[in-house]
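Per-entry structural report
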Amino acid sequence: MANPGCSAFSNDGQYLANCGIDGKLKIWETATNRLKVDYVPNYHLKSPCSVIKWITVSLQSTNTTSPWKKRKRKSMDEEVNQKEVIAMGSTSGHVTIFDVASSTVSNQLQNGHTTSISAIAWKTSTGLFTAAEDHQIIHWNIQENGIKCKWKSGKGKVTAIAVVPDGNSLLTAERIITWWDLKTKNIIGTFTGHINQVNSLNIVKIDDDTNYLISSATGDSYLSVWSLNEAKKGKTSAATFTMQDEAMSVSVRLMEDSQVMVLAATRSGQAHLYKYQPNGTTPKPIKPSLNIFFTSDTSQKEQNMQQIPILKGQLTEDTKCILAYGSFININFEKVVPDFSEKVMYLERTDYKKQKEKKDEAVSKVKATDTEGEVQYLVPGAIGSAQKRSGRSGAGSQIPLKNRLENLSLNTEASTPGKTPSKGDNMVQLLMQGLQSKEREILNNVLFTKKESVIKNTVAKLPVQAIIPLLKELTVMLQGKTYSSKIAVTWLKALIATHAAQLLSHPDIGEELNPILGIVDAKLTLLTELSRLRGRVSLITGQISSINEKEERDPTEESLLVYQDRDSSDESTDMNEVELESVSDENWEEISDQEQVENCKSDDDASICS
């Protein structure tokens, strides 16, 4: 579920403000679903909004009365003349105060931070606090447009900040939550339990001496509860709320029986309600008491029924939930009464699609399709199929559907003789026919194509009016099994690479891509666990295969040295060789003596021989 920019409900839940990545500030009335303010500040692209917060300020009296009368009525005016304004922190380090009533910027706080503001907090009795990437915390003086005090937050980037209800201490969070004393600027204590950056801090006041902190972090599928009581403050969390995904917004409200109700809207577009009774440390994780879903019309097929994402939630004083669902382009608000009789609460909203159709009709009326001769021109943003010319309204209706499908066959033998059209042309025609007629057989034959070159050629020759219908079909395929989602990713890559300009110019592109982004986010959350599982399986299979190889392997196959003891047969052979050698030596001596005697006899000098 994509949630671009930053958004916040007003304290009473009457308005929702959102500043998107385009720099526009939009404010809706939750009771009427009406857009009240659409404001574009100067240099909105140069210094966009990074954080947003609703604050309450006192109105200045404009009557011309004497100074002593002003002093006499000062306390009364501060109690009565209160209004909610918006404090927006920018990437340049400035804080802009926007007046909702007049739709103008009433004040701007500068010369404080030098980098992007990352967190902002407000308390009526204490004032405005901001933290930025320059590792500085600033306490602002809004009335005088100045700085009360400024101190260093630490080495890390502060991503969340909150003021304790007593007004004497402050909480800042990186991965570690730090508790500051506002008078001495010393650290009272720290809370360690989150692995990633903390993105929200919510404090609930039980009584004058008891406060609890509820924190959430990026990528963590749980909320942690910490005790802010000095006597009971510990290093571990008092309780843990579990959920299936990361919490995007958290709202806390204290009920009459000192029970804490927590509303969390997750990245996957669900809302979880928790009931928590603070009473020491709870070792077991607390599961949600109620899960809330918004769905489309269930009278349709299950594959066409889609979940409507919940963007943000706010608890009211009467323990009801104000839920914003849809997208920030076509947003809807509803006050829901929780029904705790069941664990899951499904809310079917058919009006959501009807409002979308009305909006599409309005866009098509503004940007109509123009035709001239045999050529058709499509203006970016035009939705729906092309209009038929009145002179040729009956063309092609006399040919049976079977013959037309045969003419659109992928077989090149059925094409025109002497000319072999490219396979992409035939795929485009079949794809257009399937998207217009909603024939599942035709769509399956086209979309479940394995060749990537055919997919690219088809997308390259796809008409403009077929982009959004194809995107919807790919969204359905992504929700299927591995084979269909893998092919859908190939189609989606080719579609975005080829028609990126057309998609960006479409007015409802954010709403169309929201389901796809939600599917991607949901699958990315499982990537870490799947990688660990794959590593463990690979380790086990590797050990099994190595054990099998050792059992089947010959122990002398890869030996470096082989030693074999001699047996009795080898010893007898050696003895025979020794005897033969001795006999031959004696014979040799006898032969040499006989030869010497014969030589002497043949010699003339017999004396020498004697």
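The shown structure was predicted, so the numbers you read here are calculated from the model rather than taken from an experiment. (Residues numbered from 1 in each chain as written. Predicted model: local features only at pLDDT ≥ 70, side-chain atom pairs only at ≥ 80, totals over all residues. Heavy atoms only, no water.)

What to know about the overall build of the protein
The line we're drawing: Counting from the N terminus, the helices are the DSSP runs of H or I reaching at least four residues and the strands are the DSSP runs of E reaching at least two. Exposure is judged per residue with a 1.4 Å probe applied to protein chains only, and the accessible area is read against the type maximum: over 50% gives exposed, under 20% gives buried, and values in between give partly exposed. Residues are treated as being in contact if the distance between any of their heavy atoms lies within 4.5 Å. Here the Shrake-Rupley method, with its probe set to 1.4 Å, supplies the accessible areas, and only the displayed protein chains count as covering residues.
Scanning the protein for helices and strands turns up 14 helices and 31 strands. Of all 610 residues assigned to the protein, the portion counted as buried reaches 39%. Residue pairs at least 24 apart in sequence account for 48% of intrachain contacts in the protein once pairs closer than 6 positions are excluded. As displayed, the protein offers around 36,400 Å² of accessible surface, 50% of which is attributable to carbon and sulfur atoms.

Quick notes on the pairing of strand E4 (residues 34-39)
Cut-off, in case you're wondering: For two strands to be treated as a pair, DSSP must find no fewer than two bridges joining them.
Of the pairings in the sheet, the one linking strand E3 (residues 25-29) to E4 comprises 5 bridges and is antiparallel in character. In the sheet register, Leu 25 faces E4, and the bridge partner there is Tyr 39. Linking E3 back to E4 in an antiparallel pair, the connection comprises 4 residues, with Asn 33 at a positive phi of about 60°.

Digging into the pattern of salt bridges
Stated precisely, the cut-off is as follows: Salt bridge, as applied in this entry: a Lys or Arg side-chain nitrogen positioned within 4 Å of an Asp or Glu carboxyl oxygen.
Per the stated rule, a full pass over the model turns up 9 salt bridges. Glu 133 serves as the salt-bridge partner of Lys 157, at 3.3 Å between the closest nitrogen and oxygen. Of the two residues, Lys 157 sits in the loop between strand E12 (146-152) and strand E13 (160-163) while Glu 133 sits in the loop between strand E10 (127-132) and strand E11 (136-141), which places them 24 residues apart along the sequence. Here Asp 208 and Lys 205 are joined by a salt bridge, their closest N and O atoms 3.7 Å apart. For Asp 208, a relative accessible area of 68% translates into the label exposed. Look at Lys 205 and you get partly exposed, because its relative accessible area is 41%.

Things to note about the sheet that holds strand E19 (residues 222-227)
This is how the line gets drawn: The axes are straight lines fitted to the C-alpha atoms, using for helices just the contacting stretch, and the angles between their N-to-C directions are given from 0 to 180°.
Here 4 strands make up an open sheet; going across it, the order is E17-E18-E19-E20 and the pairing antiparallel. One side of each edge strand has no neighbouring strand; the edge strands of this open sheet are strand E17 (198-205) and strand E20 (239-242). Looking at each pair of strands side by side, their axes are set apart by 20° on average, direction ignored.

Thoughts on the pairing of strand E8 (residues 104-109)
Note that strand E7 (residues 95-99) and E8 share 5 bridges and pair antiparallel. For Ile 97, the partnering residue across the bridge sits in E8 and is Asn 107. Linkage of E7 to E8, two consecutive antiparallel strands, is achieved through a turn of 4 residues, within which Ser 103 is found at a positive phi near 55°.

Observations regarding the packing of helix H8 (residues 467-478) against helix H9 (residues 482-498)
Stated formally: Orientation labels follow simple angle bins: below 35 degrees gives roughly parallel, above 145 gives roughly antiparallel, 65 to 115 gives roughly perpendicular, and whatever is left gives oblique. Definitions for this section: a left-handed crossing has its near helix turned counterclockwise from the far helix by less than a right angle. A right-handed crossing has that turn clockwise.
Remark: H8 packs on H9, axes separated minimally by 8 Å, with the N-to-C direction vectors making an angle of 150°. Taken together, the axes of H8 and H9 are roughly antiparallel relative to one another. H9 is crossed by H8, and the crossing has left-handed handedness. Contact residues: H8 offers Ile 467, Leu 470, Leu 471, Leu 474, Met 477 and Leu 478, while H9 offers Ser 484, Ser 485, Ile 487, Ala 488, Val 489, Trp 491, Leu 492 and Leu 495.

Some remarks on the confidence of the model for the protein
Operational definition: Scored between 0 and 100, pLDDT is the confidence that the predictor attaches to each residue.
The predicted model of the protein averages 76 in pLDDT, with 70% of residues at 70 or higher. Highest mean pLDDT in the protein belongs to E13 (94); lowest belongs to strand E30 (residues 370-372) (36). Note that pLDDT drops below 50 for residues 356-397; the model gives that stretch 39 contacts with residues more than four away or on any other chain. Here residues 409-425 scores under 50 on pLDDT; set against residues more than four positions off or in separate chains, the count is 15 contacts.

Digging into the packing of H8 against helix H11 (residues 509-525)
Note the cut-off: As a working rule, the residues Ala, Val, Leu, Ile, Met, Phe, Trp, Tyr, Cys and Pro are called nonpolar, Asp, Glu, Lys and Arg charged, and the rest polar, with Gly in that last group.
Remark: H8 packs on H11, axes separated minimally by 10 Å, with the N-to-C direction vectors making an angle of 25°. Classified by the angle their axes make, H8 and H11 are roughly parallel. Here the hand of the crossing between H8 and H11 comes out left-handed. Between H8 and H11, the residues in contact are Ile 468, Leu 471, Lys 472, Thr 475 and Leu 478 and Glu 512, Leu 513, Pro 515, Ile 516, Ile 519 and Lys 523, respectively. In the contact of H8 with H11, the residues fall into 7 nonpolar, 1 polar and 3 charged.

Points about the environment of Leu 492
Tracing the sequence through the fold places Leu 492 in helix H9. According to the relative accessible area criterion, Leu 492 is buried, its value standing at 13%. The sequence separation of Leu 492 and Leu 470 amounts to 22 residues, and the corresponding C-alpha distance is 9.3 Å. Excluding anything up to four places from it in sequence, Leu 492 contacts Leu 471, Leu 474, Leu 478 and Ile 516.

A short note on the packing of aromatic side chains
What counts is decided by this rule: Pairs were defined over the aromatic rings of Phe, Tyr and Trp, the Trp ring being its six-membered one, requiring ring centres within 6.5 Å. Orientation was assigned from the angle between planes: stacked under 30 degrees, edge-to-face over 60, tilted for the rest.
Scanning all chains against the criterion turns up 12 aromatic pairs. Measuring from centroid to centroid gives 6.1 Å for Tyr 15 and Trp 54, while their planes differ by 10°, and the two rings are stacked. You can see Tyr 15 sitting in strand E2 (residues 15-19) and its partner Trp 54 sitting in strand E5 (residues 49-58), a full 39 residues away along the chain. A relative accessible area of 13% places Tyr 15 in the buried class. With a centroid separation of 5.4 Å and 20° between ring planes, the pair formed by Phe 293 and Tyr 346 is classed as stacked. Of this pair, Phe 293 sits in strand E24 (residues 290-295) while Tyr 346 sits in strand E29 (residues 344-348); the two residues are 53 residues apart in sequence, bridging distant segments of the chain. Residue classification places Phe 293 among the buried positions, given a relative accessible area of 13%. Residue Tyr 346 is classed as exposed on the basis of its relative accessible area, which comes to 56%.

Considering the nonpolar core
Which entries qualify depends on this criterion: Residues enter a nonpolar core if they are buried and are Ala, Val, Leu, Ile, Met, Phe, Trp, Tyr or Cys, with the set joined through side-chain atoms within 4.5 Å.
Within the largest apolar cluster, 32 residues are counted, with the highest numbers of intra-cluster contacts made by Leu 431, Leu 447, Leu 470, Leu 474, Trp 491 and Leu 495. Looking at this core, the elements that each hand over two or more residues are helix H5 (423-437), helix H6 (440-447), helix H7 (452-460), H8, H9 and H11. In terms of residue count, the dominant contributor to this core is H8 (7 residues). Counting residues in hydrophobic clusters, the runner-up holds 19 residues, among them Ile 214, Val 250, Val 252 and Ile 286.

Things to note about a nonpolar patch on the surface
To keep things clear, this is the line we draw: Each patch groups residues whose relative accessible area exceeds 30% and which form no salt bridge, using 9 Å between like charges and 5 Å between nonpolar side chains of Val, Leu, Ile, Met, Phe, Trp and Tyr.
Together, Leu 526, Leu 530, Leu 533 and Val 537 give the surface a local cluster of nonpolar side chains, amounting to about 370 Å² of exposed area. Tracing the backbone shows Leu 526 in the loop between H11 and helix H12 (527-552).

Some details on H11
Selection criterion: In this scheme, a helix's expected span is set at 1.5 Å multiplied by one less than its residue total. To get the bend at a residue, fit one axis to the 7 residues ending there and another to the 7 starting there, then take the angle between the axes.
Between its terminal C-alpha atoms H11 stretches 24 Å, which fits the 24 Å expected from 17 residues at 1.5 Å a residue. Along its length, H11 reaches its greatest deviation from straightness, about 30°, at Pro 515. Those residues of H11 that sit buried are Ile 509, Glu 511, Glu 512, Asn 514, Ile 516, Gly 518, Ile 519 and Asp 521.

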